Amino acid sequence: MKPEDIHWLDEEQTEEPEEMPEETEESEEEKEEEVSQPSDSAAPSRKKPKLWIIILIFFVAAVAVFFLSGGYDRFFGGEKARTLTQATDPIDYAADSFTHIRPFEGMAINAGIDGVKVYKTNGEMLWDQPYTMTTPYLCVSGPYAAVADLGERHILLLNKDGLVSDITTESTLLYCTVNPTGCTAVIMENAGSNILAVYDKDGNVLVRRVTYSDLDGIPVSIAINDDATSMATSYAIYTETSLRSAVTLFNLTDTAADSIDRIAGNYNYTDTLVTDLCYMDDMLFVVGDNKLAGIRTSGNTAEVWSEDLSYQITSFGFGDDYLAVHLGSGLIGVAGEPENDFLIIGQDGSHRLEQKTADFRSVWVSNDTAIVQDGFDYTALNKNGEALWSMKAETGMQLWSLTDKLAFGNTGSALQFFKVVTTDEEVNS
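Sequence order as written defines the numbering, with residues in each chain counted from 1. Owing to the predicted nature of the model, reporting of local features is limited to residues with pLDDT of at least 70; listing and counting of side-chain atom pairs is limited to 80 or more, with chain, interface and lining totals taken over all residues. Side-chain calculation: all heavy atoms of the structure are included, whereas hydrogens and water are not.

(A) Representation of the sheet that holds strand E29 (residues 377-381) within the structure. Reading across the sheet, the 4 strands line up as E27-E28-E29-E30 and stay open at both edges, with antiparallel pairing between neighbours. Two strands close off the open sheet at either side, each with one partner strand: strand E27 (360-366) and strand E30 (387-392). The sheet shows a mean angle of 15 degrees between the axes of neighbouring strands, taken without regard to direction. Strands are treated as partners if at least two bridges between them are detected by DSSP. Each helix is a run of H or I in the DSSP string that is no shorter than four residues. Each strand is a run of E no shorter than two, and both are numbered from the N terminus. Of the strand pairs in this sheet, E27 and strand E28 (residues 369-374) are connected by 6 bridges, and their pairing is antiparallel. Bridge pairing links Trp-364 to Ile-371 in E28. Inter-axis angles, ranging from 0 to 180 degrees, are taken between N-to-C directions of lines fitted to C-alpha atoms, where helices are fitted over the stretch in contact.

(B) Quick look at unusual backbone geometry. Even without being a glycine, Asp-281 presents a positive backbone phi close to 55 degrees. Here Asp-281 lies in the loop between strand E19 (274-280) and strand E20 (283-288). For Asn-367, which is not glycine, the phi torsion reads 55 degrees and is therefore positive.

(C) Representation of the packing of aromatic side chains within the structure. Aromatic pairing here means that ring centres of Phe, Tyr or Trp (its six-membered ring) are within 6.5 Å. Orientation follows from the plane angle: under 30 degrees is stacked, over 60 is edge-to-face, and everything else is tilted. Within the structure shown, the criterion is met by 7 aromatic pairs. With centroids separated by 6.4 Å and ring planes inclined at 40 degrees, the aromatic side chains of Tyr-137 and Tyr-175 adopt a geometry described as tilted. Here Tyr-137 is found in strand E7 (residues 136-141), whereas its partner Tyr-175 is found in strand E11 (residues 172-178), with 38 residues between them in sequence. According to the relative accessible area criterion, Tyr-137 is partly exposed, its value standing at 26%. Aromatic side chains Phe-285 and Trp-305 sit 5.4 Å apart centroid to centroid with 80 degrees between the ring planes, which places their arrangement in the edge-to-face category. A residue pair is termed long-range when its members are at least 10 positions apart, and Phe-285 in strand E20 and Trp-305 in strand E22 (residues 302-308) qualify at 20 residues. Across the pair, exposure class does not vary: Phe-285 and Trp-305 are buried alike. With a 1.4 Å probe rolled over the protein chains alone, any residue whose accessible area is under 20% of its type maximum counts as buried; one over 50% counts as exposed, and the rest are partly exposed.

(D) Just the side chain of Thr-211, in detail. Here Thr-211 shows up in strand E14 (residues 205-211). We call two residues in contact whenever any of their non-hydrogen atoms come within 4.5 Å of each other. Excluding its chain neighbours within four sequence positions, the residues that come into contact with Thr-211 are Ser-193, Asn-194, Asp-216 and Tyr-235.

(E) Just the state of the cysteines, in detail. By definition, disulfides here are pairs of cysteine sulfur atoms that lie within 2.5 Å. Inspection of the entire model under this criterion finds 0 disulfides. Here Cys-176 stays unpaired: no disulfide links it, and the sulfur of Cys-139, its closest cysteine neighbor, is 4.2 Å away.

(F) Broad picture of the confidence of the model for the chain. The quantity known as pLDDT measures the predictor's confidence residue by residue, on a range of 0 to 100. For the chain, the mean per-residue pLDDT works out to 86, and 81% of the residues sit at or above 70. Note on residues 29-45: pLDDT is under 50 here. Beyond four places in sequence and across chains, it has 2 contacts. Confidence over residues 68-77 falls short of pLDDT 50; this stretch has 8 contacts with residues more than four positions distant or in other chains.

(G) Geometry of a negative patch on the surface. Patches were defined on residues exceeding 30% relative accessible area and lacking a salt bridge, with like-charge contacts within 9 Å and nonpolar side-chain contacts (Val, Leu, Ile, Met, Phe, Trp, Tyr) within 5 Å. Note that accessible areas follow from Shrake-Rupley with a 1.4 Å probe, and for residues the cover is restricted to the protein chains shown. Salt bridges are identified by distance alone: a Lys or Arg side-chain nitrogen within 4 Å of an Asp or Glu carboxyl oxygen. Only four residue types enter the tally: Lys and Arg on the positive side, Asp and Glu on the negative side; His and the chain ends are excluded. By convention, the point assigned to a charge is CZ for Arg, NZ for Lys, CD for Glu and CG for Asp. On the surface, Asp-226, Asp-227, Asp-281, Asp-282 and Asp-320 cluster together into a negatively charged patch. Looking at the secondary structure, you find Asp-282 in the loop between E19 and E20.

(H) Looking closely at the sheet that holds strand E15 (residues 218-224). Ordered in space as E15-E16-E17-E18, the 4 strands form an open sheet in which the pairing is antiparallel. In the strand order of this sheet, the two ends are held by E15 and strand E18 (263-270), each with one partner. Geometrically, the sheet is characterised by an average inter-axis angle of 15 degrees between neighbouring strands, direction not taken into account. Two elements, E15 and strand E16 (residues 230-238), share 6 bridges in a ladder whose sense is antiparallel. Along E16, the bridge assignment pairs Ile-222 with Thr-233.

(I) Quick peek at the pairing of strand E17 (residues 243-251). The element E17 is extensively covered by neighbouring structure, given that 7 of its 9 residues are classed as buried. Sheet analysis places E16 next to E17, joined by 9 bridges and oriented antiparallel. Note on E17: the bridge partner recorded for Tyr-235 is Ala-246. The sheet contact formed by E17 and E18 spans 7 bridges and is antiparallel. Bridge assignment links Arg-244 to a residue of E18, and that residue is Thr-270.

(J) Main features of the environment of Phe-376. Here Phe-376 lies in the loop between E28 and E29. Residue Phe-376 is classed as partly exposed on the basis of its relative accessible area of 36%. When sequence neighbours within four positions are dropped, the list of residues in contact with Phe-376 reads Arg-361, Met-391, Lys-392, Ala-393, Glu-394, Thr-395 and Gly-396.

(K) Region of interest: the pairing of E14. Pairing of strand E13 (residues 193-199) with E14 involves 6 bridges; the strand directions are antiparallel. Bridged to Ile-195 within E14 is Val-210. Between the end of E13 and the start of E14, which pair antiparallel, lie 5 residues, with Gly-203 showing a positive phi angle near 90 degrees.

(L) Structural detail: the side chain of Thr-422. Assignment of secondary structure puts Thr-422 in strand E33 (residues 414-422). The class of Thr-422 is buried, set by a relative accessible area of 11%. Excluding its chain neighbours within four sequence positions, the residues that come into contact with Thr-422 are Lys-80, Ala-81 and Arg-82.

(M) Looking closely at the environment of Thr-211. Judged by relative accessible area, which is 1%, Thr-211 ranks as buried. Separated by 22 residues in the primary sequence, Thr-211 and Glu-189 have C-alpha atoms spaced 9.9 Å apart. In the analysis that follows, any N or O atom pair within 3.5 Å is treated as a polar contact, provided that within protein one partner can donate a hydrogen and the other can accept it, and provided that, for residues neighboring in sequence, both atoms belong to side chains. A distance of 2.8 Å separates polar atoms of two side chains, one belonging to Thr-211 and the other to Tyr-235.

Right, dumping it as structure tokens:
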């Protein structure tokens, strides 16, 4: 439409006035009759409004209703508060201190003394793998789960379809971990010595190293990275007057070399017991009883950062690129409570969150989500410490995130699935 074609509502067409005929005398009756009847030659009326103007008026009215009804707040305002609501009936199991339940491929895996079971989020059991173990220990990484019988010589490697391999180790198991490619790394105890080994998903030995307590110390932890190209170990070395931890990195890409020749770096931490190691991309996260550190694992390895702690670590969990940790009572010589007892620490050592809790108990990390238990209140946080949802429970439980919309809790005798909803949805359900 051209601009000259647009006519506004108050615009009238005008024409040159026609010459009026001379008035003639009329009777009063004729005049009255003319007034009472409409004339075809009435004054020109206003033009009807254009269709687009009518549409514009309706649009403005609709926008006004949208704002006044709260639609703007619903769609563009801050996110509504979210919580958990029951998704399935509880799944009961025999209560014992050996059962471990963890997230696994968007489901829940339950490993006890008589077997391992996987449950779908609708509460249905996907499969059941029977076995008999004295002290089952469950570890999960990506698509693989490993169940090791500590104190014995038995490991089951599993994926979402069931059993992948059944491994019999050469000696008694002390510790086991698994990586996303199905490689398991173990610490074994032998007469007068310790054996470190890495198995591939078919149970073949990739690495084997023998150490001796009186020379090398006592093995505490072992870890392998995602593609099984690097391994790290932690040993505690005691003397009559001192304690130190030795963290050693190994390059596993040189398969022809002896285990000694594969050493990529050694790092010593005096007066510290390093209990946990975790690979995060190119960084090894080191967790000690009074120290945290990050070691670059590729090329020329190096300690990139370290932090001394003044308070005991009471609970922690690893995310994809962070550590969520709770601090408890002070170490020797430190009085009072920490100013902030819950921290999220990035793999570069930065503090993404520092927070004070009222009645903290535990933290669990899965789906790159940290769930903090503060009494019977549970809050889910993302890697930057931003709250995702919260729930007030009637009983204590381990609570794990499965997806952005699902979670499950373990009370010690029952497994319960939950769905994430807005507080409005919970009220209306």
